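Chain by chain, the residues:
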Amino acid sequence: MTVRLKTAHGLATITLARPSAHNALDNPTKLAFFEAVTATAENPDVRAVLITAEGRNFCVGQDLGEHAVALETDPTTAMDTVSEHYNPLIRALKSLEVPIVAAIPGACVGAGFGIALAADLRVAGTRTTFATAFTGIALASDSGLSYALVEALGSSRATGLMLLGDRVTAEQALDWGLVHRVVADDELLETATDLAEQLATGPTAAYRRVKSLVAASASGLSAALDRELAAQQHLGRTADHQAAVKAFLAKEKPAFTGT
């Protein structure tokens, strides 16, 4: 089993479990990852998601040994994995309505980088590095990198990373806004888990609306104001909001039920 899914107390944890291959993505792993995300989306009890990996590295991208076989078999279909695996996976991740936290150890490369950027919050260790790597094997990009990097960094930095394949250190990633937090490597999983568990016990309906507002932000201020109005009108009627206001006035900590 190269991908594990565990759900407990509202938190779904998806773990890449192919450490001997640095969590490279072969077809069974891509399919298992997609199935885990789909199962998570269909579980009404899930209120947050944690994505992490076994071993020293998060994910080095496509399994090139498998890709070499595909090229030898039929180079005209070797890139079908983009439409069959990577695009559905990234779409499924971005369609999740609940918050996603990624705990990213070590190398995060190629499609692994794309997966990490599909999360809402990223926590890196001090040893973590990021790279696109595609031009090093005479390719462009997939897994949404051309969109996500421009959105996160602007066209100049994104183009530089994609053309040159430079490695980005954890501290540089923090400075550029690619990650939410950098912690000691031995504290990475615990920190990310604590963050994900915090989100899993938070106001889930509000988190869903936050994600939808952020996703649609490029359509302009006027449309954003209208969407915010609709969101606030909806959330103002939720049990979580009403209970939280009462708790605030009573100087108590609110207990969110996700409703």
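The structure presented is a predicted model; accordingly, all values stated were derived computationally and were not measured. (Residues numbered from 1 in each chain as written. Predicted model: local features only at pLDDT ≥ 70, side-chain atom pairs only at ≥ 80, totals over all residues. Heavy atoms only, no water.)

**Here's the deal with the pattern of salt bridges**
- Scanning the entire structure with this criterion turns up 6 salt bridges.
- Between Arg 4 and Glu 54 there is a salt bridge, with its nearest N and O atoms 2.3 Å apart. Here Arg 4, found in strand 1 (residues 3–8), pairs with Glu 54, found in the loop between strand 3 (48–53) and helix 2 (64–73); they are 50 residues apart in sequence, far enough to count as distant.
- The class of Arg 4 is partly exposed, set by a relative accessible area of 36%.
- What makes Glu 54 partly exposed here is its relative accessible area of 27%.
- For Asp 120, the salt bridge is made with Lys 211, and the minimal N-O distance between the two is 2.9 Å. (Salt bridge = Lys/Arg side-chain N within 4 Å of Asp/Glu carboxyl O. Helix = DSSP H or I, 4+ residues; strand = E, 2+ residues; numbered from the N terminus. Buried < 20%, exposed > 50% of the residue type's maximum accessible area, 1.4 Å probe, protein only.)

**With respect to the domain arrangement of the protein**
- Partitioning the protein into structural domains gives domain 1 (3–201) and domain 2 (204–250).
- One C-alpha centre belongs to domain 1, the other to domain 2, and the line joining them spans 28 Å.
- With 9 residues of domain 1 at the interface, the matching set in domain 2 holds 4 residues.
- Taken together, the two surfaces of domain 1 and domain 2 that pack against each other cover about 650 Å², and 46% of this comes from carbon and sulfur.
- It is Arg 47, Glu 97 and Leu 199 in domain 1 that bury the most area against domain 2; as a group they hold 53% of the surface buried on that side.
- Applying the counting criterion to the domain 1 and domain 2 interface returns 2 salt bridges. (Domains from an automatic or database assignment. Contact = heavy atoms within 4.5 Å. Buried area = accessible area lost by both parts, 1.4 Å probe.)

**Overview of unusual backbone geometry**
- A positive phi angle is found at Ala 138, which is not glycine, with a value near 60°.
- Inspection of the secondary structure assignment puts Ala 138 in the loop between strand 7 (129–131) and helix 5 (145–153).
- Although it is not a glycine, Lys 251 adopts a positive phi angle of roughly 60°.
- Structurally, the position occupied by Lys 251 is in the segment after helix 11 (239–249).
- Owing to a relative accessible area of 80%, Lys 251 belongs among the exposed residues under this scheme.

**Regarding a negative patch on the surface**
- A surface patch of like charges, here negative, comprises Asp 185, Asp 186, Glu 187, Glu 190, Asp 194 and Glu 197.
- Turning to its location among the elements, Glu 187 is positioned in the loop between strand 9 (181–183) and helix 8 (188–200). (Patch = residues over 30% accessible without salt bridge, like charges linked within 9 Å, V, L, I, M, F, W, Y side chains within 5 Å. Areas by Shrake-Rupley, 256 points an atom, 1.4 Å probe, with all protein chains shown as cover. Lys, Arg positive; Asp, Glu negative; His and termini not counted. Charge placed at Lys NZ, Arg CZ, Asp CG, Glu CD.)

**A closer look at the environment of Leu 96**
- Mapped onto the fold, Leu 96 is located in the loop between helix 3 (80–95) and strand 4 (100–104).
- A sequence separation of 47 residues divides Leu 96 from Val 49, and the C-alpha atoms of the two residues are 9.0 Å apart.
- Ignoring sequence-local partners within four residues, the contact set of Leu 96 consists of Val 37, Thr 40, Ala 41, Val 49 and Lys 211.

**Some remarks on the nonpolar core**
- Phe 33, Val 49, Phe 58, Leu 93, Leu 149 and Leu 178 are the most contacted members of the largest nonpolar core, which totals 50 residues.
- Here the element with the most residues in this core is helix 3; it accounts for 6 residues.
- Ala 48, Ala 103, Leu 188 and Leu 199 belong to the second-largest nonpolar core, a separate cluster that totals 14 residues. (Core = buried A, V, L, I, M, F, W, Y, C linked by side-chain atoms within 4.5 Å.)

**Describing the sheet that holds strand 4**
- With mixed pairing, the 6 strands of this open sheet are ordered in space as 1-2-3-4-6-9. What marks the edges here is a single partner per strand, and that holds for strand 1 and strand 9. Adjacent strand axes in the sheet meet at a mean angle of 20°, parallel and antiparallel pairs treated alike.
- Where strand 4 and strand 6 (residues 121–125) come together, 4 bridges link them in parallel fashion. Paired with Ala 102 across the bridge in strand 6 is Arg 122. (Pairing = 2+ DSSP bridges. Axes fitted to C-alpha atoms, helices over the stretch in contact; angles between N-to-C directions.)

**Re helix 10 (residues 221–235)**
- Taking 1.5 Å per residue as the helical rise, helix 10 with its 15 residues ought to reach 21 Å, and the 20 Å between its terminal C-alpha atoms agrees with that figure.
- For helix 10, the set of buried residues is Ala 224, Ala 231 and Leu 235. For helix 10, the angular spread of buried residues about the axis comes to 30°, placing them on one side. Exposed residues on helix 10 whose side chains face more than 90 degrees from its buried face are Ser 222 and Asp 226.
- Buried-residue contacts for helix 10 involve helix 9 (204–215) and helix 11. (Expected span 1.5 Å × (residues − 1). Arc of directions from axis to C-beta.)

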